Amino acid sequence: MRNTELLEDGLEDFLKELEDVKPIKQTDTVATCQQKNTLAQQLKRQAIESTHNLTNNYLSVEKVEPVDPYDHISFKLDGIQQGVFKNLRMGKYKIDFVLNLQQKKFEQARTMLFTQIIESHKKGERTLLIKHGLGLHNKPFPALIKSYLHQWLQQMPEVIAYHTAQPYHGGNSAVYVLLKKNQHDKASNRELHRRK
């Protein structure tokens, strides 16, 4: 009997102490801590993306039509304004990235081109300068990489135009490449025009 009385007295004291306590407000949100990726995590992600790109590289290794080392190469999709193509041809656009394929082996050049075009497009880079060299001593024929580059660039949906560079950017041994806008840039552009 005595134990029960002590228990009831203790409960009464406990409840008296709780009279001034206010309940914590309930919220539906959960506090999270945004954590920046470590360098190791970033490098791991890049390695995974790079491996993914390698397995999805659809650039042709089949027979190619040889291009003369001193020939100009150019291409533009239908619908690209003549003024835009002229500015590209004249080297008037700011170059966002320079890719050097000179002295690279065939498969290395193919992989570097494929990976860089995809990366540049994701980042919103629009104009690239690709240095392919003249390839005068390439085997089995001169301008091997230049010839394949001429074919590869037309196979990539991100590329809307390209043209042999001006002499001060490498002339016949380099090419300007214009990429289409990525989805983010298209959305930003639509929003900008909607406000006007």
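By the criterion of burial, strand β5 (residues 174-179) is predominantly enclosed, with six of the six residues buried. Residues Ala-174, Tyr-176 and Leu-178 of β5 are buried on one face, and the alternating residues Val-175, Val-177 and Leu-179, pointing to the opposite face, are buried as well.

Glancing now at the sheet that holds strand β3 (residues 127-131). The mixed open sheet is built from five strands, whose spatial order is β1-β4-β5-β3-β2. The sheet terminates laterally at β1 (74-76) and β2 (97-100), the two strands that pair on one side only. Between one strand axis and the next, the sheet turns through 25° on average, direction left out of account. The pairing of β1 with strand β4 (residues 159-164) spans three bridges and is antiparallel. Pairing of Ser-74 across the sheet is with His-163, part of β4. Relative to the sheet, helix α3 (residues 82-89) contacts β1, β3, β4 and β5, its axis offset from that of β4 by approximately 45°.

Attention now moves to the side chain of His-163. Its location among the elements puts His-163 in strand β4. His-163 sits in the buried class, given a relative accessible area of 10%. Once residues within four sequence positions are removed from consideration, His-163 is found in contact with His-72, Ile-73, Ser-74, Phe-85, Leu-88, Arg-89, Val-175 and Tyr-176.

Take a negative patch on the surface next. A contiguous patch of negative charge on the surface is contributed by Glu-12, Asp-13, Glu-17, Glu-19 and Asp-20. Mapped onto the secondary structure, Glu-17 falls in helix α1 (residues 2-17). The class of Glu-17 is exposed, set by a relative accessible area of 63%.

Attention now goes to the side chain of His-132. With respect to the helices and strands, His-132 occurs in the loop between β3 and α5 (144-155). Side-chain polar atoms of His-132 contact the backbone nitrogen of Ala-174, separated by 3.4 Å. Apart from residues lying up to four places away in sequence, His-132 is in contact with Leu-101, Gln-102, Ile-145, Lys-146, Leu-149, Asn-172, Ser-173, Ala-174 and Val-175.

Below, the discussion takes up the nonpolar core. Core analysis: the largest hydrophobic core is formed by 27 residues, its most contacted members being Leu-113, Ile-117, Ile-130, Leu-153 and Val-177. At the level of elements, α4 (106-123), β3, α5, β4 and β5 are the ones that each hand at least two residues to this core. Top element by residues in this core is α5. It accounts for six residues. With near-sequence residues (within four places) excluded, Ile-130 lies in contact with Leu-99, Leu-101, Leu-113, Leu-149, Leu-153, Ser-173, Ala-174, Val-175 and Val-177. Core analysis: the second largest hydrophobic core is formed by 10 residues, Ile-160, Ala-165, Ala-174 and Tyr-176 among them.

Calculation criteria
- Residues numbered from 1 in each chain as written.
- Predicted model: local features only at pLDDT ≥ 70, side-chain atom pairs only at ≥ 80, totals over all residues.
- Heavy atoms only, no water.
- Buried < 20%, exposed > 50% of the residue type's maximum accessible area, 1.4 Å probe, protein only.
- Helix = DSSP H or I, 4+ residues; strand = E, 2+ residues; numbered from the N terminus.
- Pairing = 2+ DSSP bridges.
- Axes fitted to C-alpha atoms, helices over the stretch in contact; angles between N-to-C directions.
- Contact = heavy atoms within 4.5 Å.
- Patch = residues over 30% accessible without salt bridge, like charges linked within 9 Å, V, L, I, M, F, W, Y side chains within 5 Å.
- Areas by Shrake-Rupley, 256 points an atom, 1.4 Å probe, with all protein chains shown as cover.
- Salt bridge = Lys/Arg side-chain N within 4 Å of Asp/Glu carboxyl O.
- Lys, Arg positive; Asp, Glu negative; His and termini not counted.
- Charge placed at Lys NZ, Arg CZ, Asp CG, Glu CD.
- Polar contact = N/O pair within 3.5 Å; in protein donor to acceptor, adjacent residues only side chain to side chain.
- Core = buried A, V, L, I, M, F, W, Y, C linked by side-chain atoms within 4.5 Å.

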